[in-house]
Amino acid sequence: MSYHIGVISGDGIGPEVVAEAKKVLDTVADKYGHEFEYEDILMGGCSIDATGEPLTDHAIAQALASDAILMGSIGGNTQTSPWYQLPADKRPEAGLLKLRKSLNLFANMRPAFLYNELREACPLRDSVIGDGFDMVIMRELTGGLYFGERSTEEVDGVLLATDTLTYSEPEIRRIAIKAFEIARKRRKKVTSVDKANVLDSSRLWRGMVEEVAADYPDVSYEHMLVDNCAMQLVRNPGQFDVILTENMFGDILSDEASMVTGSLGMLASASMNDTKFGLYEPSGGSAPDIAGKGIANPIATILSAALMLRYSFDLDEEAKAIENAVQKFLEDGYRTIDIMPHGEEEAAKVTQVGTKEAGDLICERI
Ligand code: IPM
Ligand code: MN
């Protein structure tokens with residue numbers, strides 16, 4: 001089969017890690033007799049530099065015409081990059097938000113799990129890690145504070161900034177359904193995270209989650225307040241299977257969840273709508289501090305490509321081949337710098353490799 005993949009390399013380490021994911025996809029194509037065609041799409045800082053806009057209408061049209069999108073990362077250093085001198089709606093992140101909205105990518109799935117090989121890189125104590133952990137964060141991606149009305153105005157000589165948090169019943173229902181569906185294929189537990197002791201939007205959230213839960217009697221569920229959840233993630237991460245939450249809480253909790261696994265560089269993510277289309281990107285950001293150094297971990301992007309094969313193209317065997325190759329790479333003792341063990345003695349037992357070498361070694365194992 002032939003597939004048309006839109007490629008958003010973006011900024012920072014984006015182009016470096018995307019190059020390795022394409023190499024892996026090409027290896028899969030050769031082995032399994034597929035054809036992956038790539039079309040570059042500009043978004044983020046690189047698009048601002050080239051066109052003055054973080055996402056042009058042309059780029060949106062290209063995205064809509066693709067079977068799926070593979071993305072690296074966008075944005076730069078918010079304190080030093082000239083991109084952040086621009087008005088908010090002209091900055092790199094505005095491009096990503098516009099793309100999510102234009103493609104109706106309301107469901108963002110971010111798996112966070114601990115590889116046994118990487119226990120040494122996990123910042124949690126052994127007694128907290130226990131038997132390890134394996135969770136998925138299902139984050140609502142096109143509503144809430146990110147897309148509410150906002151303004152900054154002067155009232156009686158004082159600047160006043162407002163952001164609004166709105167959720168409708170259908171918006172909550174459709175993301176809750178995604179969470180319960182995925183839980184059904186896993187350990188059958190949903191933790192819905194909100195701030196229902198304060199926010200109206202959270203109280204509506206709870207009510208809708210309960211309605212949806214009634215259709216999934218085989219899946220257990222609980223409600224948890226977001227502050228408690230932030231604490232539980234470092235206290236006992238093993239308790240979570242599927243975390244269902246709104247946009248802003250999901251943004252924060254998914255960074256936390258990925259960090260407790262020991263590396264942001266290992267975790268893939270998928271943003272989906274109600275069709276087979278999806279946008280696949282690493283959970284981590286553009287890491288401008290290490291861009292161009294050839295040391296970024298390409299695994300999250302490579303695993304995102306695997307998710308693309310599985311969810312958008314129904315190529316399960318091929319997806320599994322990529323995931324197994326990554327597993328083998330780790331078992332064979334290769335590590336990028338971000339997942340090196342902390343202790344000297346442990347570090348001596350593994351081989352540190354750069355971005356390209358990691359990509360090559362993973363391709364060899366497909
Ligand atoms: C993410 C990122 C984005 C977000 C930024 C870049 C707008 O942090 O995908 O988590 O906040 O959603
Ligand atoms: Mn984020």
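Criteria and thresholds
- Note on numbering: residues in each chain are counted from 1, in written sequence order.
- For naming, the first written chain is A and the first written ligand is 1, with later ones following in the order written.
- This being a predicted model, a pLDDT of at least 70 is required before a residue's local features are given, and a value of 80 or more before pairs of side-chain atoms are given or counted; all residues contribute to the totals for chains, interfaces and linings.
- Computation of side-chain values: all heavy atoms of the structure, hydrogens and water removed.
- Nearness is judged by heavy atoms alone; a residue qualifies as near a molecule or strand once a single heavy atom is within 4 Å of it.
- Values of accessible area rely on a 1.4 Å probe in the Shrake-Rupley scheme; residue burial ignores everything except the protein chains shown.
- Under the convention adopted here, Pro, Cys and the residues Ala, Val, Leu, Ile, Met, Phe, Trp and Tyr are nonpolar, Asp, Glu, Lys and Arg are charged, and Gly plus all remaining residues are polar.
- In this document the domain limits rely on a domain assignment from an automatic tool or a database.
- With axes taken as lines fitted to C-alpha atoms, and helix axes fitted only over the stretch in contact, angles between N-to-C directions fall between 0 and 180 degrees.
- Working definition: helices are DSSP H or I runs of at least four residues, strands are E runs of at least two. Numbering for both runs from the N terminus.
- Roughly parallel means an angle under 35 degrees; roughly antiparallel means over 145; roughly perpendicular covers 65 to 115; every other angle is labelled oblique.
- Crossing chirality is assigned from the near helix's rotation relative to the far helix, an anticlockwise turn below a right angle marking it left-handed and a clockwise turn marking it right-handed.
- Note on contacts: a residue pair is in contact if any heavy atoms of the two residues lie within 4.5 Å.
- We define buried area as the total accessible area lost by two parts upon association, computed with a 1.4 Å probe and summed across both.
- One side-chain nitrogen of Lys or Arg within 4 Å of one carboxyl oxygen of Asp or Glu is enough to make a salt bridge.
- Any pair of nitrogen or oxygen atoms within 3.5 Å is treated as a polar contact; in protein, a donor-acceptor pairing is required on top of that, and neighbouring residues in sequence qualify only through side-chain atoms on both sides.

**Q** Lay out the site of ligand 1 in plain terms, naming residues and giving numbers.
**A** Around ligand 1, the surrounding shell consists of Glu93, Arg100, Arg110, Arg139, Tyr146 and Asp251. Burial of ligand 1 by the protein chains amounts to 76% of its free accessible area of 320 Å². Per-class residue counts for the shell around ligand 1 are 1 nonpolar, no polar and 5 charged. Here the shell around ligand 1 spans two domains, and each of domain 1 (1-110 + 262-366) and domain 2 (123-260) adds at least three residues to it.

**Q** Could you give me a rundown of the packing of helix α6 (residues 169-184) against helix α7 (residues 200-213), with the residues and numbers involved?
**A** In the contact formed by α6 and α7, the axes pass within 9 Å of each other and the chain directions differ by 50 degrees. By the criterion of interaxial angle, the relationship of α6 to α7 is oblique. The handedness of the crossing between α6 and α7 is right-handed. Facing α6, whose interface residues are Glu169, Ile172, Arg173, Ile175, Ala176, Ile177 and Phe180, α7 presents Leu204, Trp205, Met208, Val209, Glu211, Val212 and Ala213. Of the residues contributing to the contact of α6 with α7, the split by class is 11 nonpolar, no polar and 3 charged.

**Q** Explain the domain arrangement of the chain to me, and be specific about the residues and the numbers.
**A** Each assigned domain of the chain is listed here: domain 1 (1-110 + 262-366) and domain 2 (123-260). Between the C-alpha centres of domain 1 and domain 2 the distance comes to 24 Å. In this assembly, 18 residues from domain 1 lie in contact with 19 residues from domain 2. Overall, the association of domain 1 and domain 2 removes approximately 1,800 Å² of surface from exposure, summing both partners, and the carbon and sulfur fraction of that is 60%. It is Phe106, Asn108 and Arg110 in domain 1 that bury the most area against domain 2; as a group they hold 36% of the surface buried on that side. On the surface where domain 1 and domain 2 come into contact, there are 0 salt bridges. Between domain 1 and domain 2 we count 7 residue pairs in polar contact (both at pLDDT 80 or more) in total. At the level of elements, α4 (92-102) and β4 (107-113) are the ones that each hand at least two residues to the side of domain 1 that touches domain 2. Among the elements that line the side of domain 1 that touches domain 2, the one with the most residues is β4, at 4 residues. Here the residues of the side of domain 1 that touches domain 2 are counted per class, giving 8 nonpolar, 6 polar and 4 charged.

**Q** Could you give an account of the side chain of serine 286, naming the residues involved and the relevant values?
**A** Counting through the fold element by element, serine 286 comes out in the loop between β12 (278-282) and α10 (299-311). Here the side chain of serine 286 touches glycine 75 through a polar contact of 2.8 Å, landing on its backbone oxygen. Once you skip the residues sitting within four places of it in the chain, serine 286 turns out to touch Asp11, Gly12, Ile13, Ser73, Ile74, Gly75 and Gly76.

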